[in-house]
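Secondary and tertiary structure notes
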Amino acid sequence: MAKKGKGVFHEEISQIISQGETFVLKDDETESKALLPVAVSNGYNLEIVKIDKGLIADIPEGKFICDNLIYSMPMKKDGIKITWLVELKGTKVEQVAKHAIDQIMDTISFLLDEGKYPDAAKYLKKRDLVFCLVVGSPDKTLPSFMRPDIKQLCQRLMKHSLQRSKIKDIYSLFFCIQPRKTKKVNCSAHAPYTITCYNSRGCEIAFPKMFTDLVFKDTD
């Protein structure tokens with residue numbers, strides 16, 4: 001289970017990480033070395049849910065779904081309700097990495113199948129924002145995802161984002177996460193964004209603050 005100040009996702013289908021804590025989401029089953037370092041922003045708790053062979057355990061042959069989702073639990077009424085769909089891709093092979101797009105599209109369909117998965121739909125319904133994260137490993141560079149590659153997926157993420165009118169760029173709903181040795185978290189200048197981070201103190205990505213700062217239109 002997650003410990004105070006630093007949590008690590010293990011084999012539970014779901015667990016809660018509290019505000020101010022950090023944790024690292026890893027792909028322990030395939031040993032791909034993909035990792036997502038997270039710091040939980042103040043005012044929020046996060047639920048970490050294992051989708052593949054967890055929340056959705058019996059998918060049809062030939063179908064593939066993403067690994068996890070992260071579900072924001074605001075502590076105040078005006079907090080932002082966000083779901084991040086996370087695919088851990090510890091590969092630099094373009095064809096394999098880009099298969100994540102199809103996996104996430106299929107995952108959305110499975111999550112919304114209330115007849116077969118009655119406990120899953122809540123993770124996509126009535127959410128202010130829905131993001132996709134494709135996560136790499138420190139020793140492999142993810143290929144570039146261009147706008148035409150992810151257009152259909154981003155349109156679907158937008159459809160399930162209730163605050164879509166405030167989103168400045170539809171492609172800001174898609175993120176690549178690239179672990180690299182760095183002293184601080186860095187982000188590319190334009191959507192779709194690539195965040196560079198590392199599994200070390202101070203290099204965790206702030207959930208949800210970093211994403212809301214990037215996605216919403218300036219109101220000044």
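Data block above holds the structure.
Definitions and limits used
Residues numbered from 1 in each chain as written. Predicted model: local features only at pLDDT ≥ 70, side-chain atom pairs only at ≥ 80, totals over all residues. Heavy atoms only, no water. Helix = DSSP H or I, 4+ residues; strand = E, 2+ residues; numbered from the N terminus. Rg over C-alpha atoms; globule rule 2.2 N^0.38 Å. Contact = heavy atoms within 4.5 Å. Areas by Shrake-Rupley, 256 points an atom, 1.4 Å probe, with all protein chains shown as cover. Salt bridge = Lys/Arg side-chain N within 4 Å of Asp/Glu carboxyl O. Buried < 20%, exposed > 50% of the residue type's maximum accessible area, 1.4 Å probe, protein only. Pairing = 2+ DSSP bridges.

Let's shift gears to the overall build of the chain. Looking only at helices and strands, the chain has three helices and 12 strands in total. For the chain, whose C-alpha radius of gyration is 16 Å, the value lies close to the compact-globule estimate of 17 Å for 220 residues. Restricting to contacts in the chain with at least 6 residues of sequence separation, those with at least 24 account for 59%. On the chain, roughly 11000 Å² of surface is accessible, and the fraction owed to carbon and sulfur atoms is 50%.

Let's shift gears to the pattern of salt bridges. Scanning all chains against the criterion turns up seven salt bridges. One salt bridge connects Asp139 with Lys33, and the closest N-O pair in it is separated by 4.0 Å. Highlighted residues: Asp139 in the loop between β8 (129–135) and α2 (147–159) and Lys33 in the loop between β3 (22–26) and β4 (35–40), separated in sequence by 106 residues. For Asp139, a relative accessible area of 43% corresponds to the partly exposed category. Among the ionic pairs, Asp213 bridges to Lys209, the shortest N-O distance being 2.7 Å. In this pair, Asp213 and Lys209 are both assigned in helix α3 (residues 209–215), four residues apart and thus about one turn of the helix distant. Through salt bridges that share partners, Lys33, Asp139 and Lys140 make up one connected network.

This part is about the pairing of strand β9 (residues 174–179). Most of β9 sits out of view: six of its six residues are buried. Burial along β9 is two-sided: Phe174, Cys176 and Gln178 and Phe175, Ile177 and Pro179, pointing in opposite directions, are all buried. Direction of pairing for β8 relative to β9: parallel, over a ladder of four bridges. Among the inter-strand pairings, Leu133 is bridged to a residue of β9, identified as Phe175.

With that settled, consider the environment of His99. In this structure, His99 sits in helix α1 (residues 94–111). We classify His99 as partly exposed; its relative accessible area is 29%. Considered as a pair, His99 and Asp169 are 70 residues apart in the sequence and their alpha carbons are 23 Å apart. Excluding residues within four positions of it along the chain, His99 makes contact with Phe64 and Lys89.

Along β4, five of the six residues are buried, which leaves the element largely enclosed by surrounding structure. Two elements, β3 and β4, share five bridges in a ladder whose sense is antiparallel. Across the sheet, Leu25 pairs through a bridge with Leu36, a residue of β4. Alignment of β4 against strand β12 (residues 205–207), held across three bridges, turns out to be parallel. The residue of β12 that forms the bridge with Val40 is Phe207.

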